[in-house]
Amino acid sequence: MSTPRSSRGNPSMGDIVRSVVVIGLIIIGLYAFGKLFTDKPDTPTRAVDYATLTDQARPVAGFDLLAPTKLPDGWHANAATLNIDWWHLGIVKGDHDYIGLDQVKDTSAKRAIDRFADSSRADGKTDIGGETWSVRKGPDDRTTYVRTQGDVTTVVIGTPSRSVIKDYIASLSTS
């Protein structure tokens, strides 16, 4: 006479598959619940009041600081920093578009390019607002514009289209 098999100490393959399926459904349910009740902010980066910061930085900077008279629609500033010989203003739109303005009190465009636009290559020249800018093409579809005026080298680097960056550069002012 054969004795009935007990599955207590020795689970069958069917028991294992059912357990894995139940645990998988619980994990998927928790993930879906988390996604349903998670709010992604429209502006994932913090905004800074670049106009006020620029007005505070201009009197103490040793050179004429550039800043846009107004930002393009949908853009906001996320960084504004003044160090002894360097001014940085960063603006963003959503998660993907970025324009960075860097001014360095240094007449060496090469050093500024090495610092802010490493791995870029020359891509011609363009005239914006009566000023000639060198254009550089970088990795990840970044475009860089460089100009040296007096003892200040200005670098504008961005990910949007060239026309958007050129409009931004045209809006830059020292007042």
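Caption draft 1: Region of the structure containing the pattern of salt bridges. Considering all chains together, one arrives at four salt bridges under this definition. The salt bridge partner of D15 is R18, with a shortest N-O separation of 2.6 Å. A residue pair is termed a helical-turn pair when its members lie 3 or 4 positions apart in one helix, as D15 and R18 do in helix α1 (residues 13–36) at three residues. Classification of D15 as partly exposed rests on a relative accessible area of 26%.

Caption draft 2: Inspection of the side chain of T144 at higher detail. Mapping T144 onto the fold places it in strand β7 (residues 143–149). Those residues in contact with T144 that sit more than four places away from it in its chain are A117, S134, V135, R136, V155, V156 and I157.

Caption draft 3: Summary view of the pairing of strand β3 (residues 86–93). β3 sits mainly inside the fold: seven of its eight residues count as buried. Both strand β2 (residues 76–83) and β3 contribute to a ladder of seven bridges, which runs antiparallel. Bridging from a neighbouring strand, A79 pairs with G90 of β3. Hairpin connection between β2 and β3: a loop of two residues separates the two successive antiparallel strands. In terms of strand pairing, β3 meets strand β4 (residues 97–104) through eight bridges, oriented antiparallel. Residue pairing in the sheet places I91 in a bridge with I99 of β4. Two successive antiparallel strands, β3 and β4, enclose a turn made up of three residues, where G94 displays a positive phi of approximately 65 degrees.

Criteria and cut-off values
- Residues numbered from 1 in each chain as written.
- Predicted model: local features only at pLDDT ≥ 70, side-chain atom pairs only at ≥ 80, totals over all residues.
- Heavy atoms only, no water.
- Salt bridge = Lys/Arg side-chain N within 4 Å of Asp/Glu carboxyl O.
- Helix = DSSP H or I, 4+ residues; strand = E, 2+ residues; numbered from the N terminus.
- Buried < 20%, exposed > 50% of the residue type's maximum accessible area, 1.4 Å probe, protein only.
- Contact = heavy atoms within 4.5 Å.
- Pairing = 2+ DSSP bridges.

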